[in-house]
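A structural walkthrough
Each chain, written out:
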Number of protein chains: 2
Amino acid sequence: MYLKKINSPSDVKALTSAELKALAEEMRAALTKKLSIHGGHCGPNFGMVEATIALHYVFNSPEDKIVFDVSHQSYCHKMLTGRKDAFLYEEHYDDVTGYSCPQESEHDFFTIGHTSTSISLAGGLAKARDLKGGKENIIAVIGDGSLSGGEALEGLDFAGEMTSNFIIVVNDNDMSIAENHGGIYKNLKLLRETNGAAESNLFKAMGLNYTFVKDGNDIDALIKAFQSVKDSSSPVVVHIVTEKGKGLSFAEKNKEQWHWSAPFDPETGSFKFNFDGENYNSVTAEYFLKKMKADKDVCVITSGTPAVSGFSPELRKQAGSQFIDVGIAEEHAVALASGMAKGGAKPFYGVYSSFIQRTFDQLSQDLCINENPVVISVFEASVYGMSDVTHLGIFDIPMISNIPNLVYLAPYTKEEYIAMLDWATEQREHPVAIRVPGGSLVSDGKAVTKDFGKLNKYEITQKGGGVAIIALGSFQGLGIKAAAAIEAKTGVAPTVINPYYITGIDEEMLEGLKAEHGTVITLEDGILDGGFGEKIARFYGSTSMKTINLGLKKEFLDRYNPDDILKANKLTPEQIAELAAE
Amino acid sequence: MYLKKINSPSDVKALTSAELKALAEEMRAALTKKLSIHGGHCGPNFGMVEATIALHYVFNSPEDKIVFDVSHQSYCHKMLTGRKDAFLYEEHYDDVTGYSCPQESEHDFFTIGHTSTSISLAGGLAKARDLKGGKENIIAVIGDGSLSGGEALEGLDFAGEMTSNFIIVVNDNDMSIAENHGGIYKNLKLLRETNGAAESNLFKAMGLNYTFVKDGNDIDALIKAFQSVKDSSSPVVVHIVTEKGKGLSFAEKNKEQWHWSAPFDPETGSFKFNFDGENYNSVTAEYFLKKMKADKDVCVITSGTPAVSGFSPELRKQAGSQFIDVGIAEEHAVALASGMAKGGAKPFYGVYSSFIQRTFDQLSQDLCINENPVVISVFEASVYGMSDVTHLGIFDIPMISNIPNLVYLAPYTKEEYIAMLDWATEQREHPVAIRVPGGSLVSDGKAVTKDFGKLNKYEITQKGGGVAIIALGSFQGLGIKAAAAIEAKTGVAPTVINPYYITGIDEEMLEGLKAEHGTVITLEDGILDGGFGEKIARFYGSTSMKTINLGLKKEFLDRYNPDDILKANKLTPEQIAELAAE
């Protein structure tokens, strides 16, 4: 077996063409086994086996520096740079992260998990090299799907003015997570169809040199192409055409579903866990499909992640022109939604907490200054969300909730979520964001009659005394449990409040609490800094009310267990009861 | 005079070709007079006189909808849409804002002040029209300088897939605020040189139709071009070549200086006020020019606003390859800086508070997760900064300071600012941002010996008792005055603290204050929500320390007087003394 002997890229360089091909097959076998047990990004890695081998065969990493966009396709790179054990032996599977990671290896230059960043980051390495008089090659690898992101396009534009070595490998598998959207994909198609010879060439129009590789899964062709650009003294795009999921038959056939996959049976491709239960993605799709049919002004927008709003290819077909995928382009998505609302439509944008970070200025300027009635659902915004350092859902409260004119709502149950969608979609006064609860979906079947248009009116879930617990969104359940723990300890039932509104304070209710409460505890499912609880602490700052803000510490967590993190931040019912008693 | 009779676009349509030309001259005369007295965006408006006339001659605003990018070129549009008085009569000059404004006119669809947004916003209007079955024309106007911004490029890509009417007027004056940077400008140059006939065409490569107007200051040619695309059923770019500042000789000659101008003598072009005094822009340039000469790793980055770091064309020439203008591309700027720092360089990025909003995700992901030693100065971050609703400098504390791993510093004096630059540029541990003080530059000549590497250590400026005032950055002066007012009132001198660090709490010092203080007052030059003071309120929440957080209310202010706003937020020394006594 060749893979077992690969301890660094120099071991790759020692292999013959035939041996490299055998290595590729071994890498695919290792990927199949690990991913079937462990889950992970299937499509991107199966497609990049040959290109990664060729890169390491031609270039001299880490002196030559390769930066992988999103880096969810970096498994093969890890195998060839001293980390093969994490793909060969089950007990070592978790030795590596799912993304490039400088703490793991000198061959990784950045921790990357968001798309569209590689050209800019690698451009910085190139500029630093130029200042220092270095001569090494700098290579940015980017998928076609990532090209639609503003940062990538800004990076391409910048690269077009560079006058030194800079190699951009465009890995074109004709797919984003879902199908691509945008005018540039017509050009990529034309280039594929003309073997790169078309006069109309986006990359050349941006000032870059250009080279085309018809079969991006052919190691020999790739080696030849990379050798031809190695040590070039001007920026060049190497456009390689690969097949997403190549070598894993299920992933070749259903590319969208197999972009990322949970553990699966390697023989049949059936998933080992059943995800068919109700969740907020499916609830959202169901809600909007019904709404769309009744109202042609309703429109669902996604920025390259249709699954976040539960829209499978079949449901997208049903929605027709009332479903818009702008490609990976969060900035455009928010501005487009604002424009649509101004034009009288009822746009809804579903987005992950981690990715709404990519459109702060559009939220502030394009949307909130203009007060257009856009509805945004923020998914995986929770300690129970994605746990990779690049995909955390614990920062959106400070990011979003301090923008004026925005109403940021936090439901606890499915019924509250739907009632909020109902109100938000029909009102014409405010931009509204809804923080979709993390953890298991809670459905209590209760009708929600609250008028969300009366802003910043909190509700008392349980009336008591002594201690009041203001438990935001998904932590309402924790608040109720903590109240029980406090009552068990003291004999006095605390008051529990569901604040619903992250963006404002119910001053009347907070004033009213003073009569029968000495302590207010706030609970929020995100970092404390800049968050919800601090606003309550400010409100009571000059009074004798004791306030305790509980939430997460401001830090970049990575691959954590939620229960550990909750405990470390004193967020178990028992810990809260202890604190209340102090 | 024609202009006096223009009350709506229909009055424009009634004029002959010769009359339209006379109107253009009258508009230039009005611009010259108003701008010489009032100041404003010269270059963009003088260049767009003819194009604006032609747009309103051909299209039927407001049914047809025109969206101006940045909208600093919308003065001519305002003159032709019922707002001529604001340009003809001095007493009405302030009746209109400097940007498009829906509150002023049904011909304005959005409040816009940041670049690169028009295609996406107008794209939303077009999509809403399509859902509703409308037939009106939707027109986005965008300058060449704004095209490099990620949102604009995302918008172009989206437009390339549209299948209905959408007209993008690219106003190409071969200038951003300063000269353009990026590969796409090579293509615009080629298109200008070939009268739009070059095979290599960025817009066509993005899937758009294309039309070229060689003289974008020729009303007849523009009318013909706009008529040819009116009611088109697919997206089209109309590339018009205009002269920035056309008709104002000084502005034609020195385009960068006259992009925006203070009041000036219309005969000589000399400015009525002298701006030659020391300011933070010049201090920054002076500091880095010296630093660069001694160290080739030091590099200053700007995203299209070189003046923010004090770099005039002459100083940029001196800096050579150690000065990088990435064009209007804030996302790329931050990622590039992170890459450069990783590559061993010492990058500095100077940016306005209002524009750093455009790169939140890059700060978080590309920079802070990776902990690369980039130094960022945030300018005009103050109630004393720019006062247009789209350019406020009061939101950066919640935006920036809640990102983990970032050190956000707040100096009060020039000496502190330079000491922070010194430390930040040489250390290799942290991404560092510095909040450049607003208001008049304070220089006390004192040597600063503080070691900023010992994070979150506050300093006591004045030791007292009873009340402690923690006065952040530019509000340190206010804190000292408030302390004097309190002492005058109570006979007891308060303690005054300069916290320096926005991103962390000096727990030891705060604990220590408990012994001799009953009240802590925080002062910050920005909104309170998600800001600095709330962190102090949280810290003391469960103690008997009374905390009073003073700063600005969370709201979008517009064209305000800072003194009024300070008073409204209880931020005068006397008001603070009153609050302390309560």
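Just above sits the structure.
My aim in this report is to walk through the structure given alongside it, one point at a time. These numbers come from a predicted model, not from an experiment.

What follows deals with the overall build of chain A. Within chain A one finds 24 helices and 16 strands. Computed over the C-alpha atoms, the radius of gyration of chain A is 26 Å, within 12% of the 25 Å expected from 2.2 N^0.38 for a compact globule of 582 residues. Based on the C-alpha atoms only, the size of chain A along its principal axes is roughly 80 × 55 × 50 Å. Per-residue burial over chain A gives 67% buried out of 582 residues. The contacts of chain A with a sequence gap of at least 6 include a subset with a gap of at least 24, amounting to 76%. In the structure as shown, chain A presents an accessible area of about 18,900 Å², 49% of it carried by carbon and sulfur atoms.

Note: a rotation about an axis with an accompanying shift along it relates these two copies of the chain. Note on the copies: chain A fits chain B at an RMSD of 0.0 Å, the axial shift is 0.0 Å, and the rotation between them is 180°. The superposition operator between the copies reduces to a two-fold rotation axis. In this assembly the copies share their binding face: 99% of the residues contributing to the interface of chain A also contribute to that of chain B.

With the rule as written, the count across this model stands at 60 salt bridges over all chains. The salt bridge involving E278 of chain A is made with K414 of chain A; its shortest N-O contact spans 2.9 Å. In this pair, E278 of chain A sits in the loop between α12 (249–253) and α13 (280–294) while K414 of chain A sits in helix α19 (residues 414–426), placing the two residues 136 residues apart along the sequence. Classification of E278 of chain A as partly exposed rests on a relative accessible area of 43%. A salt bridge links R83 of chain B to D108 of chain B, with the nearest nitrogen and oxygen atoms 2.8 Å apart. With a gap of 25 residues between them, R83 of chain B in the loop between α5 (75–80) and α6 (85–88) and D108 of chain B in the loop between α6 and α7 (118–132) connect regions that are remote in the sequence.

Bringing helix α22 (residues 533–540) of chain B into the picture now. One turn of an α-helix holds 3.6 residues; hence residues three or four places apart share an orientation. Burial analysis of α22 of chain B places seven of its eight residues in the buried class, which makes it a mostly covered element. For α22 of chain B, the set of buried residues is G533, E534, K535, I536, A537, F539 and Y540 of chain B. Among the structural elements, α22 (533–540) of chain A together with α18 (396–401), β13 (466–471), α21 (507–513), β15 (517–527) and β16 (546–552) of chain B are those in contact with the buried residues of α22 of chain B.

The next subject is the environment of G160 of chain A. Tracing the chain through its elements places G160 of chain A in the loop between α8 (150–159) and β3 (166–172). We classify G160 of chain A as buried; its relative accessible area is 0%. On a C-alpha basis, the gap between G160 of chain A and T572 of chain A in space is 54 Å, while along the polypeptide they are 412 residues apart. Apart from the residues lying within four places of it in its own chain, the contact partners of G160 of chain A are M206, G207 and L208 of chain A together with G183 and K186 of chain B.

Moving on to the packing of aromatic side chains. This structure, assessed with the given rule, holds 35 aromatic pairs over all chains. Between F395 of chain A and F556 of chain A the ring centres are 5.5 Å apart and the planes differ by 70°, which places this aromatic pair in the edge-to-face class. On the criterion of sequence distance, the pair formed by F395 of chain A in the loop between β9 (375–379) and α18 (396–401) and F556 of chain A in the loop between β16 (546–552) and α23 (562–568) is long-range, its members being 161 residues apart. What makes F556 of chain A buried here is its relative accessible area of 16%. Summarising the aromatic geometry, the rings of W423 of chain B and F452 of chain B are spaced 6.5 Å apart at their centres and angled 45° between planes, so their arrangement reads as tilted. Separated by 29 residues along the polypeptide, W423 of chain B in helix α19 (residues 414–426) and F452 of chain B in the loop between β11 (432–435) and β12 (459–462) bring together distant segments of the chain. Take W423 of chain B: its relative accessible area is 14%, and that puts it in the buried class.

Once that is clear, we can look at a negative patch on the surface. A cluster of acidic side chains, namely E90, E91, D94 and D95 of chain A, defines a negative patch on the protein surface. Checked against the element boundaries, E90 of chain A lands in the loop between α6 (85–88) and α7 (118–132).

Our focus in this paragraph is the side chain of D295 of chain A. Residues and elements named next belong to chain A. Structurally, D295 can be placed in the loop between α13 and β6 (298–302). The class for D295 is buried, based on a relative accessible area of 16%. In this structure the side chain of D295 is engaged in a polar contact, spanning 2.7 Å, whose partner is the side chain of K346. Apart from the residues within four sequence positions on either side, D295 is in contact with Q322, K346 and E426.

Residues apart from glycine generally show negative phi values, whereas peptide bonds are mostly found in trans. Each neighbour pair has its own omega, and for S61 of chain A with P62 of chain A the value is 5°, a cis peptide bond. In this structure, N456 of chain A is a non-glycine residue whose phi angle is positive, near 65°. One can find N456 of chain A in the loop between β11 (432–435) and β12 (459–462). Look at S71 of chain B: it is not a glycine, yet its phi comes out positive at around 65°. Accessibility expressed as a relative area gives 0% for S71 of chain B, which makes it buried.

In sheet architecture, strand pairing relies on hydrogen bonds along the backbone and comes in two forms, parallel and antiparallel. All names here are of chain B. Overall, parallel pairing links the six strands, which are arranged β7-β6-β8-β9-β11-β10 in an open sheet. Where the open sheet ends on each side, the last strands, each with one partner, are β7 (323–325) and β10 (407–409). Mean inter-strand twist for the sheet, computed between neighbouring axes without regard to direction, equals 20°. With four bridges connecting them, strand β6 (residues 298–302) and strand β8 (residues 346–352) associate as parallel partners. When the bridges of β8 are listed, V298 appears paired with K346.

Glancing now at the environment of L552 of chain B. Residues and elements named next belong to chain B. Within the secondary structure layout, L552 lies in strand β16. You can call L552 buried: its relative accessible area is 2%. In the structure, L552 is positioned 531 residues away from K21 in sequence and 48 Å away in space, judged by C-alpha atoms. Residue contacts for L552: discarding those within four places in its chain leaves V383, I394, E524, G526, I527, L528, I565, N569 and L571.

So, on to the packing of helix α4 (residues 49–58) of chain A against helix α11 (residues 219–229) of chain A. All names here are of chain A. The interhelical angle for the contact between α4 and α11, taken along N-to-C directions, is 45°, at an axis separation of 9 Å. The angle between the axes of α4 and α11 places the two elements in the oblique class. The handedness of the crossing between α4 and α11 comes out as right-handed. Where α4 approaches α11, its residues E50, A51, I53, A54, L55, Y57 and V58 are matched on the opposing element by I219, L222, I223, F226 and Q227. Within the contact of α4 with α11, the residues separate by chemical class into ten nonpolar, one polar and one charged.

This part is about the pairing of strand β9 (residues 375–379) of chain B. Residue and element names in this part refer to chain B. Counting buried positions along β9 yields five of five residues, so the element is predominantly enclosed. Burial along β9 is two-sided: the residues V375, S377 and F379 and I376 and V378 are all buried. Relative to β9, β8 runs parallel, the two sharing five bridges. Directly across from V351, in β9, lies its bridge partner V378. Looking at chain direction, β9 and β11 are connected through four bridges and run parallel.

Further remarks concern the interface of chain A and chain B. Note: interface size is frequently given as the accessible area lost on complex formation between the parts. Across the contact, 106 residues belong to chain A and 105 residues belong to chain B. Among the residues of chain A in contact with chain B, L131, E154 and R538 of chain A are the three that bury the most area, contributing 9% of the side total. Counting across the chain A and chain B interface gives eight salt bridges. Between R538 of chain A and E534 of chain B there is a salt bridge, with the nearest N and O atoms lying 2.8 Å from each other. Our count for the contact surface shared by chain A and chain B stands at 50 residue pairs in polar contact (both at pLDDT 80 or more). Here the residues of the side of chain A that touches chain B are counted per class, giving 38 nonpolar, 44 polar and 24 charged.

Moving on, we get to the sheet that holds strand β5 (residues 235–241) of chain B. Residues and elements named next belong to chain B. The five strands lie next to each other as β1-β2-β3-β5-β4, forming an open sheet whose pairing is parallel. For this open sheet the edge positions go to β1 (65–68) and β4 (209–213), each flanked by a neighbour on one side alone. If you compare each strand with its neighbour and ignore which way they point, the axes differ by 20° on average. In this sheet, β5 lies alongside β4 in parallel orientation, the contact comprising five bridges. By the bridge assignment, V213 is partnered in β5 with I240.

With that out of the way, let us pick up the packing of α22 of chain A against α22 of chain B. For the pair α22 of chain A and α22 of chain B, interaxial distance at closest approach is 8 Å and the crossing angle is 75°. Between α22 of chain A and α22 of chain B, the angle is such that the two are roughly perpendicular. Taking contact as the criterion, the partners of E534, K535, A537 and R538 of chain A in α22 of chain A are, on α22 of chain B, E534, K535, A537 and R538 of chain B. Class assignment for the residues of the contact of α22 of chain A with α22 of chain B results in two nonpolar, no polar and six charged.

Relative to the helices and strands, E331 of chain A resides in helix α15 (residues 330–342). Here E331 of chain A is buried and forms no salt bridge, its nearest opposite-charge partner R358 of chain B lying at an N-O distance of 7.0 Å. With residues up to four places along the chain from it excluded, the contact list for E331 of chain A reads R358, T359 and Q362 of chain A together with G150, E151, E154, E331 and R358 of chain B.

Cut-offs used in this document
Sequence order as written defines residue numbering, which begins from 1 separately in each chain. Chain A is the first chain written and ligand 1 is the first ligand written, with later ones labelled in order. The model is predicted, so local features are restricted to residues of pLDDT at least 70 and side-chain atom pairs to those at 80 or more, both for listing and for counting; the totals for chains, interfaces and linings are taken over all residues. The side-chain figures draw on all heavy atoms in the structure; neither hydrogens nor water molecules are used. Each helix is a run of DSSP H or I of at least 4 residues and each strand a run of E of at least 2, with the numbering of both proceeding from the N terminus. Here the globule rule reads 2.2 Å times residues to the power 0.38, and the radius of gyration is calculated from C-alpha atoms. Between buried and exposed lies partly exposed: a residue is buried under 20% and exposed over 50% of the maximum accessible area for its type, with that area taken using a 1.4 Å probe on protein chains only. Contacts are assigned to residue pairs that have any heavy atoms within 4.5 Å of one another. Here the accessible surface of atoms and residues is derived via Shrake-Rupley with a 1.4 Å probe, and residues count as covered only by protein chains that are part of the display. Copies overlap after least-squares fitting; the atoms used are the C-alpha atoms of residues with pLDDT of at least 70 in both. For this document, the term salt bridge refers to a Lys or Arg side-chain nitrogen within 4 Å of an Asp or Glu carboxyl oxygen. Only centres within 6.5 Å qualify two rings of Phe, Tyr or Trp (six-membered ring in Trp) as a pair; their planes then separate them into stacked at under 30 degrees, edge-to-face at over 60, and tilted for everything else. Like charges are joined within 9 Å and nonpolar side chains (Val, Leu, Ile, Met, Phe, Trp, Tyr) within 5 Å, but only among residues with over 30% relative accessible area and no salt bridge; these make up the patches. For the purpose of charge, His is not counted, nor are the chain termini; Lys and Arg are scored as positive and Asp and Glu as negative. Here the site of a charge means atom NZ of a Lys, CZ of an Arg, CG of an Asp or CD of a Glu. A 3.5 Å cut-off defines polar contacts: any pair of N or O atoms within that distance qualifies, except that in protein one atom must be a possible hydrogen donor and the other a possible acceptor, and neighbouring residues in sequence count only when both atoms are side-chain atoms. In this description, strands pair whenever DSSP reports at least two bridges between them. Convention adopted: a line fitted to C-alpha atoms gives each axis, helices being fitted over their contacting stretch, and angles between N-to-C directions are expressed from 0 to 180 degrees. Here is the rule for angles: anything less than 35 degrees is roughly parallel, anything more than 145 is roughly antiparallel, 65 through 115 is roughly perpendicular, and the remaining ranges are oblique. In a left-handed crossing the near helix is turned counterclockwise from the far helix by less than a right angle, and in a right-handed crossing that turn is clockwise. Put simply, Ala, Val, Leu, Ile, Met, Phe, Trp, Tyr, Cys and Pro go in the nonpolar bin, Asp, Glu, Lys and Arg in the charged bin, and everything else, Gly too, in the polar bin. Accessible area that two parts lose when put together, evaluated with a 1.4 Å probe and summed over both, is termed the buried area.

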